[in-house]
Amino acid sequence: MLTLRKASERGAANHGWLKSFHTFSFANYWNPNEQGFSDLLVINDDRVAAGKGFGQHPHRDMEIFSYVLEGALEHKDTLGTGSVIRPGDVQLMSAGSGVAHSEFNHSQSRGVHFLQIWIVPAVAGAEPRYQQEHFSEAQKRGRLQLIISPEGNDGALSVRQDARVYAGLFNGDEAATLNLPPDRHVYIHVARGSVEVNGQRLQEGDGARVRDERQIRLSQGEDAEVLVFDLRPQELPQMP
């Protein structure tokens, strides 16, 4: 069963320097029916103006990853990490027992467009850590490239949860299939373009909850960039 989450139904915030869409409840956007899916808690689609960004702020006990679509995002944290994240890069910060970071548009002349995604970890109070890896267009073209997994295998970043994240690029006749055991849930997010998922068309910003399916097939893409989350079969409790 595939349940569509339309882009137009997401929460929205416009702070001038920041325009953001929230797939799930976040900050001032509250929807009792949209409080994450399994261990996937946040998908924020953010556009930050040139030279602007988020000043240093703390996190704990959350797996936070950023996926840049356009431009460049500058990251600094209290672990001593400093980096610039560009399209193709995947950054994963495991906040663990506590870390503070800042995120700014690296450019003074053009905007940055990125997704920030939170996954609830399986353990609390772990040692904070930072990971970053680049995945080329060739690695994602017409296939689902594993970018995050519990084991960190095959070049993927390691997440502290029973979750796997795939990224793919699809255009024209390119297609990919993900086979699933009977006890998994999947969330699909179309970062840009459009694509068919099991025969149903999803547009840019759309998402879909998938339950009780043994196979996911992505096909007929139109300049599509897609993230696929393979998750435990359970819902998160309601947030306070």
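Model, not experiment: these values are computed from the prediction. Every chain is numbered on its own, with residues counted from 1 as its sequence reads. The model is predicted, so local features are restricted to residues of pLDDT at least 70 and side-chain atom pairs to those at 80 or more, both for listing and for counting; the totals for chains, interfaces and linings are taken over all residues. Only hydrogens and water are removed before side-chain values are computed, so all heavy atoms of the structure are retained for them.

Asks: Mind laying out the sheet that holds strand β10 (residues 99–105), listing which residues take part and the relevant values?
Replies: Strand pairing in a sheet relies on backbone hydrogen bonds, with the paired strands running either antiparallel or parallel. Pairing between strands is defined by DSSP: at least two bridges between them are needed. Put simply, DSSP marks the helices as runs of H or I at least four residues long and the strands as runs of E at least two long, and each gets a number from the N terminus on. In space, the four strands of this open sheet follow the order β5-β10-β7-β8, with antiparallel pairing throughout. For this open sheet the edge positions go to β5 (53–59) and β8 (82–85), each flanked by a neighbour on one side alone. Sheet twist, expressed as the mean angle between neighbouring strand axes with direction ignored, is 20 degrees. Bridge analysis of strand β7 (residues 73–77) against β10 gives five bridges, and the strand direction is antiparallel. Within β10, the residue paired with Asp77 across the bridge is His101. Only the stretch in contact is used when fitting a helix axis, every axis being a line fitted to C-alpha atoms; angles between N-to-C directions are given from 0 to 180 degrees.

Asks: Explain the UniProt feature "binding site: Fe cation" (unreviewed entry) in the protein chain residue by residue, including any values.
Replies: UniProt positions are given in the numbering used here, feature names are shortened, and annotations may be inferred rather than shown by experiment. Here the UniProt feature "binding site: Fe cation" (unreviewed entry) sits at His57, His59, His101 and Glu103. Maximum C-alpha separation among the annotated residues is 13.1 Å over a sequence range of 47 residues, consistent with a single clustered spot. The topology assignment puts His59 in strand β5. For His59, a relative accessible area of 13% corresponds to the buried category. Contacts of His59, omitting those with residues within four sequence positions, involve Ile64, Met93, Ala95, Gly98, Val99, His101 and Trp118. Polar contact is the term for a pair of N or O atoms within 3.5 Å; when the atoms are in protein, one must be able to donate a hydrogen and the other to accept it, and sequence-neighboring residues count only if both atoms are side-chain atoms. In this structure the side chain of His59 is engaged in a polar contact, spanning 3.3 Å, whose partner is the side chain of His57. Counting through the fold element by element, Glu103 comes out in strand β10. Here a residue-residue contact requires only that any non-hydrogen atoms of the pair lie within 4.5 Å. When near neighbours in sequence (up to four residues on either side) are disregarded, Glu103 contacts Gly53, Phe54, His57, Ser66, Leu73, Glu74, Phe114 and Gln116. Buried means the residue's accessible area, taken with a 1.4 Å probe over protein chains only, is under 20% of the maximum for its type, while exposed means over 50%, and partly exposed covers the values in between.

Asks: Which residues make up the pairing of β8, and what values do they have?
Replies: Taking every second residue as pointing to the same face, the buried face of β8 carries Ser83 and Ile85, while none of Gly82 and Val84 on the other face is buried. By the bridge criterion, four bridges tie β7 to β8 in an arrangement that is antiparallel. Paired with His75 across the bridge in β8 is Ser83. Between β7 and β8, which pair antiparallel and follow one another directly, the connecting turn spans four residues, one of which, Gly80, has a positive phi of 95 degrees.

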